[in-house]
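The lines below spell out each chain.
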Amino acid sequence: MPVNLENKFTRENYKRLTLDMQDHQREIDINKASIKNYEESISHHREHQKQPDVTCPNCKHSFKPNFNEQLAKELEKKIFTLSNSIKYREQQILDIKEQLDLFEKWFNSLEEIN
């Protein structure tokens, strides 16, 4: 039976952990949706990259219309950052689940005593 010397196994702590886990999951869902949008933007952006170059009649500068390599790189950085955030939050959820398992053991042990 887990020991509750620090008064860790309380209803308030259990509720807080549950809410924290829900918050992490909500953020994961938001981040995954953002990643999907960014990936679609990059894909669309890369389609413009495949288009032939256009040459300005005034200065003879050649470029790809509607393509900005810097924008694609910024979106890739955002995806990387969000992916790391997802990994962190997934680990937080695993840690919270371990704590909730201890709560269950505590509560079950109390029921056994009664």
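Residues numbered from 1 in each chain as written. Predicted model: local features only at pLDDT ≥ 70, side-chain atom pairs only at ≥ 80, totals over all residues. Heavy atoms only, no water.

Undergrad: Is there a simple way to think about the overall build of the protein in this case?
TA: Looking only at helices and strands, one finds 2 helices and 2 strands in the protein. Along the protein, from the amino end to the carboxyl end, the secondary structure elements read α-β-β-α. Taken over C-alpha atoms, the radius of gyration comes to 25 Å for the protein, far larger than the 13 Å a tight globule of 114 residues would show. With the principal axes as the frame, the protein shows a C-alpha extent of 90 × 20 × 15 Å. (Helix = DSSP H or I, 4+ residues; strand = E, 2+ residues; numbered from the N terminus. Rg over C-alpha atoms; globule rule 2.2 N^0.38 Å.)

Undergrad: What's the story with the pattern of salt bridges in this structure? I'm lost.
TA: It is possible for side chains bearing opposite charge to pair when their charged atoms get close. On inspection of all chains with the given rule, the structure shows 7 salt bridges. A salt bridge links Arg-46 to Glu-69, with the nearest nitrogen and oxygen atoms 3.2 Å apart. Highlighted residues: Arg-46 in helix 1 (residues 11-49) and Glu-69 in helix 2 (residues 69-113), separated in sequence by 23 residues. A residue is classified by how much of its surface remains accessible, and Arg-46, at 21% relative accessible area, is partly exposed. Assessed through its relative accessible area of 30%, Glu-69 is described here as partly exposed. Between Glu-76 and Arg-46 there is a salt bridge whose closest N-O contact spans 3.2 Å. Here the residue Glu-76 occupies a position in helix 2, and Arg-46 occupies one in helix 1, the gap between them amounting to 30 residues. Here the residues in one salt-bridge network are Arg-46, Glu-69 and Glu-76, joined through shared partners. (Salt bridge = Lys/Arg side-chain N within 4 Å of Asp/Glu carboxyl O. Buried < 20%, exposed > 50% of the residue type's maximum accessible area, 1.4 Å probe, protein only.)

Undergrad: Mind showing me how you'd approach helix 1 here?
TA: Residues spaced three or four apart along an α-helix face the same direction, because each turn holds 3.6 residues. With 39 residues, helix 1 extends 57 Å from end C-alpha to end C-alpha; this agrees with the ideal 57 Å at 1.5 Å per step. Where helix 1 is concerned, the buried positions are Leu-17, Met-21, His-24, Ile-28, Asn-31, Ile-35, Ile-42, His-45 and His-48. In the core, the buried residues of helix 1 are packed alongside helix 2. (Expected span 1.5 Å × (residues − 1). Contact = heavy atoms within 4.5 Å.)

Undergrad: Can you walk me through the environment of Arg-46 in this structure?
TA: A sequence separation of 20 residues divides Arg-46 from Asn-66, and the C-alpha atoms of the two residues are 9.9 Å apart. Every residue in contact with Arg-46, bar those within four places of it in the chain, is listed here: Phe-67, Glu-69, Ala-72 and Glu-76. Looking at Arg-46, its side chain comes within polar contact range of the side chain of Glu-69, at 3.2 Å. (Polar contact = N/O pair within 3.5 Å; in protein donor to acceptor, adjacent residues only side chain to side chain.)

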